[in-house]
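# A look at the structure
Residue-level listing of the chains:
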Amino acid sequence: MSAAKVKMREKKMRNQPTSVQYPSSPLSVESSTQNGGDTPVTGGDVGDGPSDTHPSTERQKSSHHQSGWVRGHQKDGGSYAKEMPKYITAGGFARARAAEVSAMLKAVTKTTGSCHVSAALPKHMRRRAMSHNTKRLPYRLREVANRMRQKSLQAGSKKKKEQAKNKSRKARRRHGNLLLEFNRRQRKNVWLETHIWHAKRFHMVKKWGYCLGDRPTYKCYRPCYRAMSTHCLLQDLSYYCCIELQGEEDKLLAALSQLTNKETGPTFAAALCISGRRQGSVVMYRAGHYPLQPLGPVTFLWRPRTQGSSHRQLWIWAHPTIKQDLLPELQRVCQCCEAVVPPVVPVVTPAEVAPTPEPELKPPKTHGAIQISRTKRKRNCKDASGPPAKKILGDGSRSPTTPVTWRSSSTGIVINDLTMEIVRYRLIGPQSHSVLAETLEAATDCEEMNKSQPSPLWWPEHCKDESKMKLHQQQADIFHILKDIYSTGELPSGAVLGLAVDDPRLTLPTKKVKALPCVKQAQEVDEEKRRELMLRGVPEHCCQSFLWEQSVRDNVTDNKISEQELNRMRSDVLVPGSRLSPTPLQGRVPILLVHQPGKQVGHEMSSWGAGWDLLLPKGWGMAFWIPLVYRGVRIGGLNMSLKHSQNKGAPNFPHDYPDCPAGIGFQEEQEAELLDKFKRRPPAKRTNYIKHGCLAPFRCPWQQLAEEWELITSEGGEEQKRDSQTQTTTDADTVMEEEMTSHTAVTKPQSRFTVLRSRKSLRLLSGWCRPTTSKGQRPCRAGEVPPLDSSAMTSFLTEHGMSLVWVRLSLLSKGKPELHAMVFVPSTEDLKLLSNKSDSSGPQELAHKNHFKSRMKRRKKGSKKTATSSLSSDKTEGKGSDLPSASEPNLTTSSEDPKSSSESSTDLIFGLWPDPLPSITSHCSRVTLGWVTQGDFSLSAGCGEALGFVSVAGLVNTLLNQPKEHRGILLLRNPTSLHYRFAKINIEV
């Protein structure tokens, strides 16, 4: 019987009573309290009566109970039930018959099929027109048809009132409705001001509470690299959180010094001591927990000093994942516990307006009027009465009552959360200054306005002060000198320039043009001023900008010229395409230009990736974005930010910060994502990582690596390595047992691993690695470092034994490193193979045995046996057997060994090692040193390059045992390959 017929029969027999039982044993009969009841008990129970005790029905029910409906003779030997019920109960029997009678009466009175009036007519009298014209029906059926029609109309109108009708596309695309829809979609994930522009051209991802562009929909990997190397790449970094600190300089530095350490590099105080530098980057830690609990890297920007005042202002730019940990730490060290709640200003939108109905005398609506009003598509009075929708500027997901300001009564420090209050664009490339010079123009003086009268705008009030206008002229002169500089990398790092510019929409070109440096004008310009700018940077007084003032930012945002008004002004120009003259008073914007130095570590590609950061007040994002795009820049997303840091050799946050809370969370998310992608593939198409000797293909167990290497160095590394390598040649089952038990011996309660960021220790370690160029062709100059011996290694590891170090690995031959590639220590035979120039491709790893394959087979067999035993028990129950056989549970337990029974709770995935992992360092034929977090073919170096972390203890031990000519040579192997590649390690400081 088909499945549809089975379902139909089950539906019919669903409410049938069960008043007769066929007990499987006398015990069950005596224990049953529902003789003739309505619920089934153990044993084959069916209903009373002739229909219930029919042999065919009994056979169908028993077969369906076992394994579905079966036609004809049953293969399993099933037969019809022959025994009759021993007794019946009068009460239960009467209830069963009453239920059957009521079910029969209900089935008779209910009409089957369509309940329309036309169904009462014979088929030759039915017409299609009867459904909407009741006069086509016979006279005796018209009254019933009219009643049914009115009933259906009333039900339809009530349903439409309850469920609002979807608006047409034309209504949805109206400006007000579109803004309401966009505002609704921003409640959970914040949109940047360039979101709609990116959504049309990029693959969008939801990360860190924002909707961000990941990568373009078109192929542009090489063009974006060429833009970073020769022209300009533009990125929107407005999702970075800005935290403002105001207070006395000494109190600010005293509080911030608790969150930083001088060993990691220049701190907040060091940026103030360097002439011409007001910004920098630093890794922040929890107060008093260096180096164990880092928060992450931040960039900061100091406001220039005002004469005769020690009050300072500081902006700290942090990643969204750091803000939730950084803000409480800043409040604690600054003693800012008094939260200032902003006043609640209710923002009324049309969706929230409750219109008050005015009493009107409305005539009763007829049926025709209802149809006419339903077909019209006019704006509802509800939409017309409310105020127009406003675009969300800033953080739309934040509650109005959420405090954004904290004060300290003891220190006088004020903390302001300026998240999404400032737009931040980053221009990367040697021609970034040319793009800015073509796009921006210094603000012009408002000579046409009477300066004696007060103005609600900020620029006319600014023009009344001669000292401010003199400063503006000096800033404009420096900006004009920027046009004649050939490359952005020629400027000193950390330069900051404040400026007020005209609205860039006024000078928007008619078509895209590529901004290039003015070489001819560079020969005529004053060479002395340009040389002074390149050597000394921007003067301190020219770093001042009105963007630091909250009142000016709000004034500029509120008085921005709309696109509609700007287009109307353009239509009034006599010559189409010419600039508006005079410039509107609302068209002046304060900005800040912050120089980004580019690559500052290593001996190659100095200043690669240098550029400028453009800071704007909120609301002006698209007004500057489109003019920048029209100057021929390339647009990059999150993926290109990763490639930018990879070419610079710098760690990217949060990918390459495994000791930070954000880095740990990112690693867990990445592991879940890669594991889900792995499970979606068919089992036959998955990579067997067990055979490739890869214990953790989707994550990097840094803690276990650091602990194992500390144990190796403390117990004598060479003996431990020999023992571990001899263990790999033993029997396969013995190896697996020792590896599974070795994890418990290693994971003792020890200290948490750290990342080595001390510059002094990094310089020492870099000198021991014999730094070379990218492909290892020639050595690079390194400072004088003490020789590496056992005493130097011991003293170094006592301080950094549980640390990891950030390294760059360059392949000496062909190959492309992948994510989570493994770094190994080469053996003596491998180094001899490298000396042979004829074959320097690298050794091979022997395929590992999949120890869990037999266990998975046994588990599958055990599950099949369990299923068959349950089927056999069902058969015996159907036949009326007393009890299930006692040998069934022993089948599954005997088929599985104790190990498989202990692992039955965890899901074994074919090709992956289950937790806990065995020993990491001794799992393969070569000893493991670390893993790769970024790997690809480098277009700048012309070879495969990888960035990752290795154990400091393992690296120093390896360098000590290597010959001097091969010092710093390691092996690299991808998770999906058995082939080792030679690589040269470099630690760039």
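Everything quoted here is computed from the prediction, not taken from an experiment.

Definitions and cut-offs
- Residues numbered from 1 in each chain as written.
- Predicted model: local features only at pLDDT ≥ 70, side-chain atom pairs only at ≥ 80, totals over all residues.
- Heavy atoms only, no water.
- Helix = DSSP H or I, 4+ residues; strand = E, 2+ residues; numbered from the N terminus.
- Contact = heavy atoms within 4.5 Å.
- Areas by Shrake-Rupley, 256 points an atom, 1.4 Å probe, with all protein chains shown as cover.
- Buried < 20%, exposed > 50% of the residue type's maximum accessible area, 1.4 Å probe, protein only.
- Pairing = 2+ DSSP bridges.
- Axes fitted to C-alpha atoms, helices over the stretch in contact; angles between N-to-C directions.
- Parallel < 35°, antiparallel > 145°, perpendicular 65-115°, else oblique.
- Patch = residues over 30% accessible without salt bridge, like charges linked within 9 Å, V, L, I, M, F, W, Y side chains within 5 Å.
- Salt bridge = Lys/Arg side-chain N within 4 Å of Asp/Glu carboxyl O.
- Core = buried A, V, L, I, M, F, W, Y, C linked by side-chain atoms within 4.5 Å.
- pLDDT = per-residue confidence, 0-100.
- Lys, Arg positive; Asp, Glu negative; His and termini not counted.
- Charge placed at Lys NZ, Arg CZ, Asp CG, Glu CD.
- Phe/Tyr/Trp six-rings, centres within 6.5 Å; stacked < 30°, edge-to-face > 60°.
- Lys NZ or Arg CZ within 6 Å of the ring centre and 35° of its normal.
- Polar contact = N/O pair within 3.5 Å; in protein donor to acceptor, adjacent residues only side chain to side chain.

### Here's the deal with the overall build of the protein chain
- Helix and strand counts for the protein chain stand at 35 helices and 25 strands.
- Contacts in the protein chain between residues far apart in sequence, at least 24 positions, make up 77% of those at least 6 positions apart.
- Total accessible area on the protein chain is roughly 53,300 Å²; 54% of this is exposed by carbon and sulfur atoms.

### Concerning helix α24 (residues 638-648)
- Within α24, 9 of the 11 residues are buried, leaving the element largely enclosed by the surrounding structure.
- Residues of α24 that are buried include every one of Leu638, Met640, Ser641, Lys643, His644, Ser645, Gln646, Asn647 and Lys648, and no others.
- Where α24 ends, the next residue or the one after it, glycine 649, has phi of about 75 degrees, a positive value.

### Structural notes on the sheet that holds strand β8 (residues 279-285)
- The strand order β8-β9-β10-β7-β13-β12-β11 describes an open sheet built from 7 strands, whose pairing is antiparallel. The open sheet is flanked by β8 and β11 (338-340), the only strands paired with a single partner. The average angle at which neighbouring strand axes cross in this sheet is 25 degrees, direction not considered.
- Pairing of strand β7 (residues 241-248) with strand β13 (residues 414-417), which is carried by 4 bridges, proceeds in the antiparallel orientation. For glutamate 244, the partnering residue across the bridge sits in β13 and is asparagine 416.
- Strands in contact with helix α11 (residues 249-256) are β7, β9 (294-302) and β10 (311-318); relative to β7, the strand with the most contacts, it is inclined by about 130 degrees.
- The sheet strands contacting helix α13 (residues 320-333) are β7, β8, β9, β10, β12 (405-407) and β13, and the helix crosses β9 at an angle near 80 degrees.

### Here we look at helix α23 (residues 621-629)
- Of all 9 residues in α23, 7 are buried, a share of seventy percent or more.
- Here α23 has its buried residues at Gly621, Ala623, Phe624, Trp625, Pro627, Leu628 and Val629.

### Here's the deal with the sheet that holds strand β5 (residues 210-216)
- Taken in spatial order, the 3 strands line up as β3-β5-β4 in an open sheet, and their pairing is mixed. Only two strands of the sheet have a single partner each, and these edge strands are β3 (190-191) and β4 (202-207).
- Where β3 and β5 come together, 2 bridges link them in parallel fashion. By the bridge assignment, valine 190 is partnered in β5 with tyrosine 210.
- The sheet contacts of α24 involve β4 and β5, and relative to β5 the element is tilted by about 65 degrees.

### Overview of the packing of helix α18 (residues 466-482) against helix α20 (residues 527-536)
- Their axes nearest at 10 Å, the elements α18 and α20 cross at an angle of 90 degrees. Here α18 lies roughly perpendicular to α20, going by the angle between them. Here Ile478, Ile481 and Leu482 of α18 come into contact with α20, specifically with Lys529, Arg530 and Leu533.

### Comments concerning a nonpolar patch on the surface
- A cluster of nonpolar side chains, namely Val101, Met104, Leu105 and Val108, defines an oily patch on the protein surface of about 400 Å² accessible area.
- Summarising the element assignment, methionine 104 is placed in helix α5 (residues 90-109).

### Overview of the side chain of aspartate 214
- Within the fold, aspartate 214 resides in strand β5.
- Leaving out residues up to four positions away in the same chain, aspartate 214 has contacts with Phe202, His203, Val205, Gly637, Leu638 and Asn639.

### Regarding the pattern of salt bridges
- Per the stated rule, a full pass over the model turns up 30 salt bridges.
- Between arginine 215 and aspartate 214 there is a salt bridge; the shortest N-O distance is 3.2 Å.
- Residue classification places arginine 215 among the partly exposed residues on the basis of a relative accessible area of 38%.
- Here aspartate 915 ties to arginine 699 by a salt bridge, and the two come within 3.1 Å at their closest N and O atoms. With aspartate 915 in the loop between α34 (898-902) and β22 (928-938) and arginine 699 in the loop between α25 (661-680) and α26 (702-714), this residue pair connects regions lying 216 residues apart in the sequence.
- Note on aspartate 915: relative accessible area 55%, which makes it exposed.
- Looking at arginine 699, the relative accessible area reads 21%, which means it is partly exposed.

### Overview of the pairing of β8
- The element β8 is extensively covered by neighbouring structure, given that 6 of its 7 residues are classed as buried.
- Taken together, the 7 bridges between β8 and β9 define a ladder with antiparallel strand orientation. Across the sheet, methionine 284 pairs through a bridge with glycine 296, a residue of β9.

### Let's talk about the nonpolar core
- Formed by 70 residues in total, the largest nonpolar core has its most connected members in Leu765, Val805, Leu809 and Leu955.
- With 6 residues, the top contributor of residues to this core is strand β20 (residues 803-811).
- Residue contacts for leucine 955: discarding those within four places in its chain leaves Leu765, Cys769, Val805, Leu929, Val950, Ile985 and Ile987.
- Counting residues in hydrophobic clusters, the runner-up holds 60 residues, among them Leu533, Val538, Phe624 and Val633.

### Comments concerning the confidence of the model for the protein chain
- When pLDDT is averaged along the protein chain, the result is 77, and 74% of the positions lie at 70 or above.
- Predicted confidence is poor over residues 726-749, with pLDDT under 50, and the contacts of this stretch with residues over four places away or in other chains come to 31 contacts.
- Below pLDDT 50 for its whole length, residues 874-906 participates in 27 contacts with residues either more than four positions away or in separate chains.

### A look at a positive patch on the surface
- Together, Arg169, Arg172, Arg173, Lys200, Arg201, Arg222, Arg226, Lys512, Lys514 and Arg634 give the surface a local cluster of positive charge.
- Those elements that place two or more of their residues in the positive patch are α7 (169-172) and α10 (221-230).
- Inspection of the secondary structure puts arginine 222 in helix α10.

### Concerning the packing of aromatic side chains
- Evaluated as defined, the whole model comprises 23 aromatic pairs.
- Over the ring of phenylalanine 93 we find arginine 97; its NZ or CZ atom is 4.8 Å from the centre of that ring.
- Over the aromatic face of tryptophan 620 sits the side chain of lysine 560, whose NZ or CZ is 5.7 Å from the ring centroid.

### Some details on unusual backbone geometry
- Note that the residue after phenylalanine 653, namely proline 654, is joined by a cis bond; omega there is 0 degrees.
- Relative to the elements of secondary structure, proline 654 occurs in the loop between α24 and α25.
- The residue after aspartate 915, namely proline 916, is reached through a cis peptide bond having omega 0 degrees.
- Within the element layout of this structure, proline 916 appears in the loop between α34 and β22.
- In this structure, tryptophan 208 is a non-glycine residue whose phi angle is positive, near 55 degrees.
- Among the secondary structure elements, tryptophan 208 is positioned in the loop between β4 and β5.

### Remarks on the environment of valine 513
- Its place among the elements puts valine 513 in the loop between β15 (496-502) and α19 (519-524).
- Exposure remark for valine 513: the relative accessible area of 40% places this residue in the partly exposed category.
- Measuring from C-alpha to C-alpha, the distance between valine 513 and glycine 632 comes to 5.7 Å, with 119 residues separating the pair along the chain.
- Sequence-distant contacts of valine 513, defined by excluding residues within four places in its chain, comprise Tyr630, Arg631 and Gly632.

### Digging into the environment of tryptophan 608
- Looking at the secondary structure, you find tryptophan 608 in the loop between β16 (588-596) and β17 (611-617).
- Classification of tryptophan 608 as buried rests on a relative accessible area of 11%.
- Measuring from C-alpha to C-alpha, the distance between tryptophan 608 and methionine 228 comes to 8.3 Å, with 380 residues separating the pair along the chain.
- Apart from residues no more than four positions distant in its own chain, tryptophan 608 is found in contact with Tyr225, Met228, Ser229, Gly598, Lys599, His644, Asn647 and Lys648.
- Of the polar contacts made by the side chain of tryptophan 608, one reaches the side chain of serine 229; its length is 3.3 Å.

### Structural notes on the side chain of histidine 433
- Among the secondary structure elements, histidine 433 is positioned in helix α16 (residues 432-439).
- Here histidine 433 falls in the buried class, since its relative accessible area comes to 3%.
- Within polar-contact distance, the side chain of histidine 433 engages the backbone oxygen of proline 430 at 3.3 Å.
- Within the structure, the side chain of histidine 433 is placed 2.3 Å from the backbone oxygen of isoleucine 485, a separation counted as a polar contact.
- When near neighbours in sequence (up to four residues on either side) are disregarded, histidine 433 contacts Leu482, Ile485, Tyr486, Ser487, Thr488 and Trp612.

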